[in-house]
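# Observations on the model geometry
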Amino acid sequence: MNHIQTRSTGDGALLRRYEYDDGWIVAADLGVDDETVTVDTVGGTAIVVVEGPDGPVESEFELPGTAADAVVNNGVLTVEGER
């Protein structure tokens, strides 16, 4: 397993990437309630929208490949894909 911390900026989400022989996982600790998060993946890009008190905030980040699954559980976004 290879672990790569790809981004941690100020108060932003901590984004980590884990690579395995048969796939990869990208995880981000969003620190928000699950029901406020919408995730969509298009090709090798994840689009995350968080509904906040001042309106929606959208973020995009590149994935190491095409996503097979994306879920949010306890404020942690997990995107998985195969090699």
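Use the structure listed above.
Before going into details, it helps to say that this report is about the structure given with it. (Residues numbered from 1 in each chain as written. Predicted model: local features only at pLDDT ≥ 70, side-chain atom pairs only at ≥ 80, totals over all residues. Heavy atoms only, no water.)

### Side note on the nonpolar core
Core analysis: the biggest nonpolar cluster contains 13 residues, and Trp 24, Val 26, Val 48, Phe 61, Leu 63, Leu 77 and Val 79 have the highest contact counts within it. Of all the elements in the fold, those that place two or more residues in this core are strand 3 (23-29), strand 5 (45-52) and strand 8 (76-82). Leaving out residues up to four positions away in the same chain, Leu 63 has contacts with Trp 24, Val 26, Thr 41, Gly 44, Thr 45, Ala 46 and Val 79. (Core = buried A, V, L, I, M, F, W, Y, C linked by side-chain atoms within 4.5 Å. Buried < 20%, exposed > 50% of the residue type's maximum accessible area, 1.4 Å probe, protein only. Helix = DSSP H or I, 4+ residues; strand = E, 2+ residues; numbered from the N terminus. Contact = heavy atoms within 4.5 Å.)

### Some points on the pairing of strand 4 (residues 37-42)
With six bridges connecting them, strand 4 and strand 5 associate as antiparallel partners. The partner of Val 42 across the bridge, within strand 5, is Thr 45. Taking the residues that link successive antiparallel strands as the turn, the strand 4-strand 5 hairpin has two residues, and the phi of Gly 43 there is positive, at about 60 degrees. (Pairing = 2+ DSSP bridges.)

### Looking at the side chain of Thr 45
Take Thr 45: it is sitting in strand 5. In terms of polar contacts, Thr 45 uses its side chain to reach the side chain of Glu 62, at 3.2 Å. Filtering out sequence-adjacent residues up to four positions away, Thr 45 remains in contact with Asp 40, Glu 60, Phe 61, Glu 62 and Leu 63. (Polar contact = N/O pair within 3.5 Å; in protein donor to acceptor, adjacent residues only side chain to side chain.)

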